[in-house]
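# Structure at a glance
Single-letter residue listing:
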Amino acid sequence: MSVLNSIEENLNNVKELINSIENTADRVNNSVSLVAVSKQHSLEAIMKVFNAGHKVFGENRVQEGLRKFTGIKETHTDLELHLIGPLQTNKVRDAVNLFDVIETLDRPKLAKEISREIDRTGKKMGLLIQVNTGEEAQKSGVSPGNFDGFFKYCSEDLNLPVKGLMCIPPVNDEPAKHFALLAEMSRRYKLPYLSMGMSADFETAIRMGATHVRIGTAIFGEREKVD
Ligand SMILES: *Cc1c(COP(=O)(O)O)cnc(C)c1O
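Residues numbered from 1 in each chain as written. Predicted model: local features only at pLDDT ≥ 70, side-chain atom pairs only at ≥ 80, totals over all residues. Heavy atoms only, no water.

## Describing helix α6 (residues 147–157)
Taken residue by residue, α6 has F147, F150, F151 and C154 as its buried positions. With its buried residues spanning 100° around the axis, α6 presents them on a single face. Among the exposed residues of α6, those oriented more than 90 degrees off its buried face are E156 and D157. N159 sits one or two positions beyond α6 and adopts a positive phi of about 60°. (Buried < 20%, exposed > 50% of the residue type's maximum accessible area, 1.4 Å probe, protein only. Helix = DSSP H or I, 4+ residues; strand = E, 2+ residues; numbered from the N terminus. Arc of directions from axis to C-beta.)

So, in structure tokens, the structure goes:
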């Protein structure tokens, strides 16, 4: 995964690594879905990954997602796009229209707007609740202590298709304990999808039950430093 490799080589290496971790972790083959995180990368780079046969991508901003993916999605209905960054309520209409999975459901007002938009359009989509496992003030996600009430509000009151959980561990903490907490919550609430693990820690995440790993740098290389 060095800068000397092409994006296609990186993609292959990551896929092979995921397969071998699945094997050693006694996970079913291909049970882990790779979300190629293309934020801050060009359409040209995205097309290299797409043309290599990979169809699942993640973006963290609605406007950037619209700009890069509207065209490709019109002609390729098999492309699956995940929103992995915070969503403002005034962007819900665009987000529901463009994305197939929103991984960052995290507050009642947002849930209500998404529900209204799904009812209005009939859009079929997956929703994951983001959990702020480290209870960091600056990070989005529902805190573990508020999860139960929020989950019931989404799934029972609004009847939203909540399929799983997502987390981003604190940068300076051991990711394993956050993955363990998220995995435990997904078992308790019988939620099949578990989105956890990025370039630096996806091996640990897969061992702990991730069904989706969100990998950017290991495929596309370093991003220009913006956030
Ligand atoms: C950017 C981002 C990723 C990918 O991070 P890498 O370290 O580049 O693999 C994964 N998840 C989220 C939520 C992100 O914002």
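## Some thoughts on the packing of aromatic side chains
Given two aromatic rings, one states the distance between the centres and the angle between the planes to describe the pair. As enumerated under the stated definition, the model contains four aromatic pairs in all. Measuring from centroid to centroid gives 5.7 Å for F147 and F151, while their planes differ by 15°, and the two rings are stacked. A residue pair is termed a helical-turn pair when its members lie 3 or 4 positions apart in one helix, as F147 and F151 do in helix α6 at four residues. Of the two residues, F147 and F151, both sit in the buried class. (Phe/Tyr/Trp six-rings, centres within 6.5 Å; stacked < 30°, edge-to-face > 60°.)

## Looking at the site of the ligand
Around the ligand, the neighbouring residues are V37, K39, I84, I168, M198, S199, R214, I215, G216, T217 and R223. A distance of 2.5 Å separates an oxygen atom of the ligand from a polar atom in the side chain of T217. Protein coverage of the free-state accessible area of the ligand, which is 380 Å², stands at 89%. (Near = heavy atom within 4 Å. Polar contact = N/O pair within 3.5 Å; in protein donor to acceptor, adjacent residues only side chain to side chain. Areas by Shrake-Rupley, 256 points an atom, 1.4 Å probe, with all protein chains shown as cover.)

## Focus on the environment of N90
Here N90 is to be found in the loop between β3 (80–83) and α4 (92–98). For the pair N90 and L34, spaced 56 residues apart in sequence, the C-alpha to C-alpha distance is 29 Å.

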